[in-house]
Structure formats: structure tokens, C-alpha cells
Amino acid sequence: MTDQTANTDIFQRLQAGELLRKDDPEYARFGEVVSRTIRLCVEMNATATSVDQVRNQLSTIIGNPIDESTAIFPPFYTNFGRSIRLGNNIFINHACSFLDIGGITIEDDVQIGPRVNLTSENHPLDPTDRTTLIPRPIVIRRNAWIGAGATILPGVTIGENSVVAAGAVVSRDVPPNTVVAGVPAKVVKSL
């Protein structure tokens, strides 16, 4: 463990993009948050009968109030919750999954289709280190639209006003005012 690691807690280190290993002395604290989030997500998806209830319960999960201009349709899934930041006037459709350990920021006026996956964490290719977690933030800029079934991978920024086509797998930053499609996603049109 480095001197810097000894002086910051596991959550600060995750926010700074430090790798997370299972032998980290604070790994149990991380596990407690994940367990809490799983429990609260199951409860939210089983009991919420209105957009207001989803918004209120998800606010508890992420630890920040979600503006009432934002609508999230259940079911909604997250593995950590603490690293989700939502702007105003966002729409998140059914069955989305936000793996947010690396951080997910969604700015104002974003539309997210059903079954979208935002994955802000990865693992090393080295099989001997495969259980290590590599956190890398996802940022979705203002007025972007993410189509049904799209997947956004770790470290990607979706530019302002851009569109990610349904089913696309986005592994690189998307420039503002463009449409990307395919696997891997490529720019197919400028707006």
C-alpha cells in the first residue's frame, strides 16, 4: 500500500480512479455499500408503483436528491449507486443497468432508451489480476440521446447533442453533434 493509499479512504481512492483489489484493507467497507445497494434496488424494483417513488428511492440509493423533472422507469439496476450524478430533465427508460463504481455523470436533458447499459468499470486482461477493478468514469453531456439496448463502456464521454443508435457498443468518446452506430460504434452522421 502506498503512503497516499494509507491517507485516503477506499471511496476517495475509487473517485480518483485507483484500482480496487480484493486484498485492499478497506474492501469490506466497499462490500457493505454494494450489499446495501443491491438490497435497496431489489426493494425499489419490487415496490415502486410510480415515477415519484422510483425517484425518491433512487435518491436514497445514490445519496443525492434527484430533481423532480427527471423520470426513471423501473426496473432500474445499479451495483454501487454512490457514483451516479444526474442533472435535470433526464428520462431513463425501463431495464437500464448502471455499473457506476468508476462514476457516471448524466447532464441535463438526456434521453436514455430501454435496456441501456452504462459500465464504468473493467478488469485487467492479465488472468492473474482479473479480479482487480479498474474504475473509469462515463460522462453523458447535455441533450444526448442513448438508443435502446446501447452499451457505453468505461472511460467514454458522449458529446453534447449526440445520438447513440440502438444496439451500439461505444468504446470511444463520441464527438458533440454526431450520430454513432454499430459494434464498435462509429460516427455515421453529423448533426
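Worth saying up front: this structure is predicted, and the values here are computed from it rather than measured.

1. A closer look at the nonpolar core
Generally speaking, a soluble globular protein has its nonpolar side chains buried in company with each other. Residues Phe98, Ile106, Ile158 and Val170 are the most contacted members of the largest nonpolar core, which totals 37 residues. For this core, the secondary structure elements donating two or more residues are α3 (27–47), α4 (51–62), β3 (84–86), β5 (96–99), β6 (104–106) and β11 (138–140). In terms of residues, this core owes the most to one element, α4, which gives 4 residues. Excluding its chain neighbours within four sequence positions, the residues that come into contact with phenylalanine 98 are Phe76, Tyr77, Thr78, Asn79, Ile84, Ile92, Ile104, Ile106, Ile112 and Leu118. If you look at the next biggest cluster of nonpolar residues, it comprises 10 residues, including Phe30, Val33, Val34 and Ile101.

2. Let's talk about the pairing of β5
Looking at chain direction, strand β2 (residues 76–78) and β5 are connected through 3 bridges and run parallel. Among the inter-strand pairings, tyrosine 77 is bridged to a residue of β5, identified as serine 97.

3. Details of the packing of aromatic side chains
Inspection of the entire model under this criterion finds 5 aromatic pairs. Here tyrosine 27 and phenylalanine 30 contribute two aromatic rings whose centre-to-centre distance is 5.4 Å and whose plane-to-plane angle is 50°, an arrangement assigned as tilted. Taken together, the residues span about one helical turn, with tyrosine 27 and phenylalanine 30 both in helix α3 at a distance of 3 residues. Taken together, the aromatic side chains of Phe11, Tyr27, Phe30 and Phe80 make up a single cluster linked through ring pairs. The ring of phenylalanine 11 has arginine 82 sitting right over it, with the charged end atom 4.4 Å from the ring centre.

4. Points about the pattern of salt bridges
The tally for this structure, following the rule as stated, stands at 10 salt bridges. Among the ionic pairs, glutamate 18 bridges to arginine 13, the shortest N-O distance being 3.2 Å. Accessibility expressed as a relative area gives 25% for glutamate 18, which makes it partly exposed. Taken together, the salt bridges that share partners define one network made up of Asp9, Arg13, Glu18, Asp24, Glu26 and Arg29.

5. Concerning the sheet that holds strand β8 (residues 117–119)
One open sheet holds the 5 strands; their spatial order is β2-β5-β8-β13-β16, and the pairing between them is parallel. On the outer flanks of this sheet lie β2 and β16 (169–170), each paired with one strand and no other.

6. Brief notes about the confidence of the model for the protein
The predicted model of the protein has a mean per-residue pLDDT of 94, with 96% of residues at 70 or higher. Within the model, the stretch residues 1–5 combines pLDDT values under 50 with 4 contacts to residues more than four positions away or in other chains.

7. Some words on the pairing of strand β17 (residues 178–181)
The pairing of strand β15 (residues 163–164) with β17 spans 2 bridges and is parallel. Along β17, the bridge assignment pairs valine 163 with valine 179. Pairing analysis gives 4 bridges linking β17 to strand β18 (residues 186–190), with the strands arranged antiparallel. Bridging from a neighbouring strand, valine 179 pairs with lysine 189 of β18. In this structure, the hairpin formed by β17 and β18 is closed by a connection of 4 residues, where glycine 182 is found at a positive phi of approximately 100°.

8. Let's talk about the sheet that holds β11
Read from one edge of the open sheet, 4 strands run β3-β6-β11-β14, paired in parallel fashion. Of all the strands in the sheet, just β3 and β14 (157–158) have a single pairing partner and so form its edges. Pairing of β3 with β6, which is carried by 3 bridges, proceeds in the parallel orientation. Note that in β6 the partner of leucine 86 across the bridge is isoleucine 106.

Definitions and limits used
- Residues numbered from 1 in each chain as written.
- Predicted model: local features only at pLDDT ≥ 70, side-chain atom pairs only at ≥ 80, totals over all residues.
- Heavy atoms only, no water.
- Core = buried A, V, L, I, M, F, W, Y, C linked by side-chain atoms within 4.5 Å.
- Buried < 20%, exposed > 50% of the residue type's maximum accessible area, 1.4 Å probe, protein only.
- Helix = DSSP H or I, 4+ residues; strand = E, 2+ residues; numbered from the N terminus.
- Contact = heavy atoms within 4.5 Å.
- Pairing = 2+ DSSP bridges.
- Phe/Tyr/Trp six-rings, centres within 6.5 Å; stacked < 30°, edge-to-face > 60°.
- Lys NZ or Arg CZ within 6 Å of the ring centre and 35° of its normal.
- Salt bridge = Lys/Arg side-chain N within 4 Å of Asp/Glu carboxyl O.
- pLDDT = per-residue confidence, 0-100.

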